[in-house]
Amino acid sequence: MTTGTTAPPALEVRNVTVRFAGLVALDDVSFTVAPGTVHAVIGPNGAGKSTCFNVLSGLYRPAVGTVRLGDTELTRLAPHKIAALGVARTFQNIVTTQGTVADNLMLGRHALSRAGFAASALRLPHVVREQRAHLAKAREIAELTGLGDHFESPVALLSYGDRKRVELARALCLEPRVLLLDEPVAGMNAAERVRMTEVVREIRAELGLSLVLVEHDMGLVMRLADEVTVLDFGKAIAHGTPDEVRRDPEVLRAYLGTGTTGQEAA
Ligand SMILES: Nc1ncnc2c1ncn2[C@@H]1O[C@H](COP(=O)(O)OP(=O)(O)OP(=O)(O)O)[C@@H](O)[C@H]1O
Ligand SMILES: [Mg+2]
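Please read all numbers here as calculations on a predicted model, not as lab measurements.

Draft legend 1. Fine view of the environment of Ile 203. Mapped onto the elements, Ile 203 comes out in helix α7 (residues 190-207). With 23 C-beta atoms packed within 10 Å, Ile 203 lands in the buried category. Expressed as a C-alpha distance, the spacing of Ile 203 and Ile 141, which sit 62 residues apart in the sequence, is 9.3 Å. Not counting residues within four places of it along the chain, the set of residues in contact with Ile 203 comprises Leu 144 and Leu 172.

So, in structure tokens, the structure goes:
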């Protein structure tokens, strides 16, 4: 692929607090996703991981704190503005069932289309060229995510693991500089997990983007992450390499407290 020649800027989360009524879902959380790295955010159920993603992608506004991508402050921007700046995400519980793989990936390209509705309807030559280029890019991303053979297939006919990868591919169609993956292997069987791990590795090597990964599967986190932030009851209780956080007494206490010490707690 041709993207990813320049490293993405660092993503900085500073002193972010999110409150829901009486509940503090994120409490003064700070961490930095270094350019081109895989940064995992882990923690027991309800720790605030998805809330953190919702702040990063602009769905929630924190009561306190900032999120920056390089010099650009993302904190008060609408979700589509943040996406246009190159921050794409997948959702924890959403799996596509409509249309073909190609249709879904072309939806992902939509935000990048320059042609207006009227020009598209009239099929003007420059629009046709643009559409062709988008389709070629979508196909390239399908190949990269292991969906090349299914490009024209209806998503509803694919296995669950393939459909989760359609979500990933759709997010990649935005050509993001930062990709947020919320539990990419949740609900997958062992073979599907291995496949997804390979695909994420490949994306990282090929595209040079930064990845932020929320995942309960510790094996996957240990294999993929350069750095890990551990949340517990909304607080960041540890940062470090996978090996460092695995041995951190605070982290062990947080996980032992919920009985999910690691393996496939999703
Ligand atoms: N929109 C909301 N309104 C009220 N409370 C919320 C909302 N979203 C999240 N919460 C609460 O905030 C806390 C953190 O939730 P969050 O979904 O971020 O956890 P999580 O770490 O992603 O958990 P899981 O591993 O189960 O996905 C939980 O107590 C949750 O019930
Ligand atoms: Mg969650």
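Draft legend 2. Focus on the sheet that holds strand β3 (residues 38-42). The six strands are arranged β6-β7-β8-β3-β9-β10 in an open sheet whose pairing can be described as mixed. Sheet topology places β6 (87-90) and β10 (235-240) at the edges, where each strand pairs with a single neighbour. Within this sheet the neighbouring strands show an average axis-to-axis angle of 15°, counted without direction. As judged from the four bridges shared by β3 and strand β9 (residues 227-232), these two strands associate in the parallel manner. Within the sheet, the bridge partner assigned to Val 41 lies in β9 and is Thr 229. Lying on the sheet, helix α1 (residues 49-56) is in contact with β3, β6, β7 (178-182), β8 (210-214) and β9; it crosses β7 at an angle near 150°.

Analysis parameters
Residues numbered from 1 in each chain as written. Chains lettered and ligands numbered in written order. Predicted model: local features only at pLDDT ≥ 70, side-chain atom pairs only at ≥ 80, totals over all residues. Helix = DSSP H or I, 4+ residues; strand = E, 2+ residues; numbered from the N terminus. Buried ≥ 20, exposed ≤ 12 C-beta atoms within 10 Å, placed from the backbone. Contact = placed C-beta atoms within 7 Å. Pairing = 2+ DSSP bridges. Axes fitted to C-alpha atoms, helices over the stretch in contact; angles between N-to-C directions.

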